[in-house]
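Secondary and tertiary structure notes
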Amino acid sequence: MLAPVSLDRDDKVLDIGIGPGRWIMDLTTSVDSSVPMVAVDIEPRLFPASPPENIEFWIESVTKLPSDWTDAFSLVYQWLLILALQVPQWPQATKEIFRVLRPGGWVQFAESTPWHEGKYPGKLSMEKLAAMYRRIAEARNLYVDCTYDIPKMLEETGFVDIQNESRMQLLGKRAGEISIEKAKNHVGVLRGIKTPVLEAGGYGYATSEAEDAIADALGKEWDKTPGSDEDFIITWARKPLA
Ligand SMILES: C[S@@+](CC[C@H](N)C(=O)[O-])C[C@H]1O[C@@H](n2cnc3c(N)ncnc32)[C@H](O)[C@@H]1O
């Protein structure tokens, strides 16, 4: 946690788009069990099976949170909605988060930077992946550059004390166990976008077999050579007291 928050029983935490709830479950191990926490996602399928009693789970969208949550939370966390929210949904999300935060409360976002076309000379698979990723994002109106623009969106929403920090994510065997897992995740994402890419005609890059070959080749590129690493940007900001 980079936002300067210390939590006690008078505080309340909201985690948005929790997926399997890794962040909020981890938070419960480091703060008092009297701190109330709320976890929301539009899809409950991955909600943790045996959560601690201080977490409530709700099926809600960040674009329209319950009206009686105004000024309810002292910390709101949102992590990795880069491939979930469409461009016009981002300002809706920042406005809703502003509304549900108490005056003086903090929001923290964590989002990856996107893959950029033309940034991987000599890495054919990486270039194809970056191109497909962009075409999919354009077709679905996703905001894959959101992490660069979050500070501006927060400022326009009324947040203050906006700060951010980058963390480099290394990929592949040369960078150790965690990086091997990250590379597997990314290849999984690529296999996950295979259907929409093919349904859209392949964007000139993919056939079913070709896309599997790209996924395999990517793993090998990441294992052997540096240069495909991604920045992860964590941004935090405060709702003013008055
Ligand atoms: C890539 S996952 C990230 C999960 C989790 N934050 C993590 O990093 O492990 C994106 C999650 O956002 C959820 N999501 C998508 N649109 C949403 C919305 N409008 N409001 C809340 N959650 C949403 C998805 O259902 C999915 O669980």
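Overview of the structure. (Residues numbered from 1 in each chain as written. Predicted model: local features only at pLDDT ≥ 70, side-chain atom pairs only at ≥ 80, totals over all residues. Heavy atoms only, no water.)

Taken together, 15 residues are adjacent to the ligand, and Gly17, Arg22, Asp41, Ser61 and Trp79 come closest. For the ligand, a nitrogen atom lies 2.7 Å from a polar atom in the backbone of Gly17. Within the side chain of Asp41, a nitrogen or oxygen atom sits 2.5 Å from an oxygen atom of the ligand. In the complex, the protein chains occlude 81% of the 600 Å² of accessible area that the ligand would expose alone. (Near = heavy atom within 4 Å. Polar contact = N/O pair within 3.5 Å; in protein donor to acceptor, adjacent residues only side chain to side chain. Areas by Shrake-Rupley, 256 points an atom, 1.4 Å probe, with all protein chains shown as cover.)

So, on to the environment of Ile24. In this fold, Ile24 is placed in helix H1 (residues 22-28). Taking the C-alpha atoms as reference points, Ile24 and Tyr77, separated by 53 residues in sequence, lie 9.0 Å from one another. Leaving out residues up to four positions away in the same chain, Ile24 has contacts with Asp15, Met37, Val38 and Ile55. (Helix = DSSP H or I, 4+ residues; strand = E, 2+ residues; numbered from the N terminus. Contact = heavy atoms within 4.5 Å.)

In this section: the environment of Val40. Note on placement: Val40 falls in strand S2 (residues 37-41). On the accessibility criterion, Val40 (0% relative accessible area) is buried. Placed 16 residues apart in sequence, Val40 and Glu56 show a C-alpha to C-alpha distance of 8.5 Å. Contacts of Val40, omitting those with residues within four sequence positions, involve Leu14, Asp15, Ile16, Gly17, Ile18, Trp58, Glu60 and Trp69. (Buried < 20%, exposed > 50% of the residue type's maximum accessible area, 1.4 Å probe, protein only.)

With that out of the way, let us pick up helix H3 (residues 124-140). Between its terminal C-alpha atoms H3 stretches 24 Å, which fits the 24 Å expected from 17 residues at 1.5 Å a residue. Buried residues of H3: Ser125, Met126, Leu129, Ala130, Ala131, Met132, Tyr133, Arg134, Ile136 and Ala137, and no others. Where H3 ends, the next residue or the one after it, Asn141, has phi of about 55°, a positive value. (Expected span 1.5 Å × (residues − 1).)

With that settled, the discussion passes to the sheet that holds strand S4 (residues 73-79). Spatial strand order, S3-S2-S1-S4-S5-S7-S6: seven strands in an open sheet with mixed pairing. Every interior strand has two partners, whereas the edge strands, strand S3 (55-59) and strand S6 (160-169), have only one. Neighbour-to-neighbour, the strand axes of this sheet turn through a mean angle of 15°, independent of strand direction. Helix H4 (residues 146-157) contacts strand S5 (101-112), S6 and strand S7 (230-238) of the sheet and is inclined by roughly 165° relative to S5. (Pairing = 2+ DSSP bridges. Axes fitted to C-alpha atoms, helices over the stretch in contact; angles between N-to-C directions.)

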